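If you want the building blocks of each chain, they are given just below.
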Amino acid sequence: SDWSTATVSVNTPTVSKVTPSKGTLKASWTKNTGATGYEIQYSTSKTFSNAKTVTIKSNATTSVTIKNTSANKTYYVRMRTVSGSTYSPWSAAYSVKAK
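Residues numbered from 1 in each chain as written. Predicted model: local features only at pLDDT ≥ 70, side-chain atom pairs only at ≥ 80, totals over all residues. Heavy atoms only, no water.

Chemist: I keep staring at the side chain of Ser28 and nothing clicks. Help me out?
Modeler: Along the polypeptide, Ser28 turns up in strand β2 (residues 24-29). Among residues more than four places away in sequence, those in contact with Ser28 are Thr14, Val15, Ser16, Lys17, Thr62 and Ser63. (Helix = DSSP H or I, 4+ residues; strand = E, 2+ residues; numbered from the N terminus. Contact = heavy atoms within 4.5 Å.)

And the structure:
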């Protein structure tokens, strides 16, 4: 078979939980063994305009703390897996109200 046309299947991850505490949000997910890392994006906009992206370079990491959140604002968090230069589609957004 021709390996040059092979594509790597990268599963779309799921944000399992986002826990708000004062000034921070902690996003958690299940480890994806096929990934080399993750990208987590968060925004106060449902459409993710002006979103900030956190890049995680290890698939063993299963949570990230987002700092400097504004109290009583709703944040939307989504993620995708990275495998080399291949990215999965973005996960469904998880919304949580910051404390």
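More follows now that the structure is in view.
Chemist: Can you walk me through the sheet that holds β2 in this structure?
Modeler: Backbone-to-backbone hydrogen bonds pair the strands of a sheet. The strands run either parallel or antiparallel. In space, the three strands of this open sheet follow the order β1-β2-β5, with antiparallel pairing throughout. Across the chains shown, the open sheet's two edge strands, defined by having one partner strand only, are β1 (15-21) and β5 (63-67). With direction set aside, neighbouring strand axes in the sheet form an average angle of 20 degrees. Across five bridges, the pairing between β2 and β5 is antiparallel. Looking at the pairing, Lys26 lines up with Thr65 of β5. (Pairing = 2+ DSSP bridges. Axes fitted to C-alpha atoms, helices over the stretch in contact; angles between N-to-C directions.)

Chemist: Looking at this structure, I do not really get the confidence of the model for the protein chain. What am I missing?
Modeler: In low-pLDDT segments, the atomic positions of the prediction should not be examined closely. Within the protein chain, residue pLDDT values average 89, and 90% of them lie at 70 or more. Segment residues 1-7 is flagged for pLDDT under 50; beyond a separation of four residues in sequence, or across chains, it makes zero contacts in the model. (pLDDT = per-residue confidence, 0-100.)

Chemist: Mind showing me how you'd approach the nonpolar core here?
Modeler: A general tendency of soluble globular proteins is for nonpolar side chains to be buried together. Judged by nonpolar contacts, the single largest core of 17 residues is most densely connected at Val18, Leu25, Trp29, Tyr38, Ile40 and Val77. Those elements that place two or more of their residues in this core are β1, β2, β3 (37-43), β5 and β6 (74-83). Non-local contacts of Val18, meaning those with residues more than four positions away in its chain, are made with Leu25, Lys26, Ala27, Val77, Tyr94 and Val96. (Core = buried A, V, L, I, M, F, W, Y, C linked by side-chain atoms within 4.5 Å. Buried < 20%, exposed > 50% of the residue type's maximum accessible area, 1.4 Å probe, protein only.)

Chemist: Teacher, can you tell me more about the pairing of β3 here?
Modeler: A regular strand places its side chains so that they alternate between the two faces of the sheet. Most of β3 sits out of view: seven of its seven residues are buried. Along β3, one buried face is formed by Gly37, Glu39, Gln41 and Ser43 and the opposite face, lined by Tyr38, Ile40 and Tyr42, is buried too. Of the pairings in the sheet, the one linking β3 to β6 comprises seven bridges and is antiparallel in character. Bridging across to β6, Tyr38 finds its partner in Thr81. Across five bridges, β3 lies against strand β4 (residues 52-56) in antiparallel orientation. Bridging across to β4, Glu39 finds its partner in Thr55.

Chemist: How should I be thinking about the environment of Gln41 in this particular structure?
Modeler: Note that Gln41 resides in strand β3. By relative accessible area, Gln41 is classed as buried at 11%. Sequence separation between Gln41 and Met79 is 38 residues; the distance between their C-alpha atoms is 5.9 Å. Beyond its immediate chain neighbours, meaning those up to four positions away, Gln41 contacts Phe48, Ala51, Lys52, Thr53, Tyr76, Val77, Arg78 and Trp90. There is a polar contact of 2.7 Å between the side chain of Gln41 and the side chain of Arg78. (Polar contact = N/O pair within 3.5 Å; in protein donor to acceptor, adjacent residues only side chain to side chain.)

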